[in-house]
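Chain by chain, the residues run as shown.
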Amino acid sequence: MKTTIDQVSNHVGQEVTIGVWLANKRSSGKIAFLQLRDGTGFMQGVVVKAEVAEETFQTAKNITQETSMYVTGIVVEDSRSPFGYELQVKEIEILHESVDYPITPKEHGTEFLMDHRHLWLRSKKQHAVMKIRNEIIRSTYEFYNNNGFVKIDPPILTGSAAEGTTELFHTQYFDEEAYLSQSGQLYMEAAAMAFGKVFSFGPTFRAEKSKTRRHLIEFWMIEPEMAFMDHEESLVVQEQFVTYVIQSVLKNCKLELNTLERDTTKLEKIQAPFPRITYDKAIELLKEKGFTDIEWGEDFGAPHETAIAESFDMPVFITHYPTDIKAFYMKPDPNRPEVVLCADLIAPEGYGEIIGGSQRIDDLALMEERYEAHNLTGDAYRWYLELRKYGSVPHAGFGLGLERTVAWISGVEHVRETIPFPRLLNRLYP
Ligand code: 4AD
Ligand code: MG
């Protein structure tokens, strides 16, 4: 019977055939251990010389890395492997012999691996990270679908900038100029006025000249937007969402977390509610921690975020940033207009900001004022102002960066390993 590695637990003691690639191998004169992978998982195949045809044993001994084949054998339980099963191989049918596979079990440099990303994805660690990414995506849809949100897809080609004009990719749209979306937010606000609670999940583009372990040029963002909700209510959705995703990964990706040697005790502790500190308090905390030159009004960089996060073993919300360093659409605090009703969620363990969110300005006159202050003239934004003209309501929303979240949960150092084909400052290949 034909099956896949993720299904073998249903076939213990039975003979099965699995289409696989050879990940690795070790053999002696009498026995060959084949590390097999089929896309669904990794499993050891054992070929015992005395139990198979001579030709089959010779084949097993000589198979090269990444050769594709059908293997047929008996599934047995194996308590020594974390996977729990192995295959006692009886027959091997080679499909295609792989010659000189470039990624060998020895250590390779990052640039070499990135140049071979199309092959590197086959490795056990990369497989585990992508499975965790997939679980985060799956549980995100589940969370929002269970909580009355409608998935809305904002456009990728746009005529307006959501997050400032300096980091836009420009493109020609027939005889107009267009940009690749840096955030679907403005469109999601329109959608919230039509559907109440909405979320988007798609690629976004930032022409940022940043070369850090947290920055991608193309990344995926989850952007919920909620009508009749204020800043505080939005924080509750955010902490519940993040907790839900963590719990789902802990439950459904045990093997992958184990492969990555992730310390899961740190993740198990993550439970809503998350601590909240104001920007003012964060400045004080930073001064205490030795950042003596930081001044009120400055934005935080990665070292600041890491230092703040160290004081908590949970993700922490930093709220009420200075109005001047945040986006034009954020609602100033009515009691203190020099700060806005916003929060960034900072992940523990140095992974930095994973969510940026805020309550939006719902007053037309104020929004017009902020438009002017930010030089947002032109027709491209007219529709956005109209949302404040026809039944404006308090509303709030946020964006969670998928790759930073995958990096944190998987415990991998750099976001380049959290997306199948990363787009980086110096990389468009493969
Ligand atoms: O803080 P940002 O820029 O917020 C927005 O775009 C809002 N319009 C979202 C909203 O309210 N709907 O980006 C949100 C998140 C960040 O917290 C971070 O996780 C991620 O997107 N992000 C990046 N991830 C990888 N590479 C980059 N260059 C990123 N820029 C932002
Ligand atoms: Mg931000």
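Since we're looking at a predicted model, the values are computed, not measured. (Residues numbered from 1 in each chain as written. Chains lettered and ligands numbered in written order. Predicted model: local features only at pLDDT ≥ 70, side-chain atom pairs only at ≥ 80, totals over all residues. Heavy atoms only, no water.)

Draft legend 1. A look at the nonpolar core. Formed by 55 residues in total, the largest nonpolar core has its most connected members in Y144, W408 and I409. In terms of residue count, helix α6 (residues 231–252) provides more of this core than any other element does, eight residues in total. Setting aside residues up to four positions removed in sequence, Y144 forms contacts with F149, F199, I222, P224, V237, F241 and F398. (Core = buried A, V, L, I, M, F, W, Y, C linked by side-chain atoms within 4.5 Å. Buried < 20%, exposed > 50% of the residue type's maximum accessible area, 1.4 Å probe, protein only. Helix = DSSP H or I, 4+ residues; strand = E, 2+ residues; numbered from the N terminus. Contact = heavy atoms within 4.5 Å.)

Draft legend 2. Main features of helix α11 (residues 364–373). Among all positions of α11, only M367, R370 and Y371 are buried. For α11, the buried positions fall inside an angular range of 105° around the axis, keeping them on one side. In this structure, α11 carries E369, E372 and A373 as exposed residues pointing more than 90 degrees from its buried face. Buried residues in α11 make contact with α12 (382–386). Where α11 begins, the capping side chain belongs to D363, and its oxygen is found 3.4 Å from the backbone nitrogen of A365. N375 lies just past α11 and shows a positive phi near 55°. (Arc of directions from axis to C-beta. Polar contact = N/O pair within 3.5 Å; in protein donor to acceptor, adjacent residues only side chain to side chain.)

Draft legend 3. Molecular detail of helix α4 (residues 124–146). Spanning 23 residues, α4 covers 33 Å between terminal C-alpha atoms, matching the ideal 33 Å at 1.5 Å per step. At the C-terminal side of α4, G148 shows a positive phi close to 80°. (Expected span 1.5 Å × (residues − 1).)

Draft legend 4. Seen up close, the domain arrangement of the protein. We note that the domain assignment places domain 1 (5–96) and domain 2 (118–417) within the protein. Interface of domain 1 and domain 2: buried area, both sides summed, is about 600 Å²; carbon and sulfur atoms make up 59% of it. Considering only the side of domain 1, the residues that lose the most area to domain 2 are R37, F42 and P82, jointly responsible for 59% of the buried surface there. Scanning the region where domain 1 abuts domain 2 turns up one salt bridge. Residue R122 is joined to E66 by a salt bridge in which the shortest nitrogen-to-oxygen separation is 2.9 Å. In this assembly, domain 1 and domain 2 are joined by two residue pairs in polar contact (both at pLDDT 80 or more). Taken together, the residues that form the side of domain 1 that touches domain 2 break down as four nonpolar, three polar and two charged. (Domains from an automatic or database assignment. Buried area = accessible area lost by both parts, 1.4 Å probe. Salt bridge = Lys/Arg side-chain N within 4 Å of Asp/Glu carboxyl O. Nonpolar A, V, L, I, M, F, W, Y, C, P; charged D, E, K, R; others polar.)

Draft legend 5. Expanded view of the site of ligand 1. Around ligand 1 sit 22 residues, and of these E163, Q185, R206, E223 and E353 come closest. E223 is positioned such that a nitrogen or oxygen atom in its side chain is 2.7 Å from a nitrogen atom of ligand 1. Taking E353, its side chain carries an N or O atom lying 2.6 Å from an oxygen atom of ligand 1. The protein chains hide 94% of the 630 Å² of surface that ligand 1 would expose on its own. Tallied by class, residues from the shell around ligand 1 come to seven nonpolar, seven polar and eight charged. (Near = heavy atom within 4 Å. Areas by Shrake-Rupley, 256 points an atom, 1.4 Å probe, with all protein chains shown as cover.)

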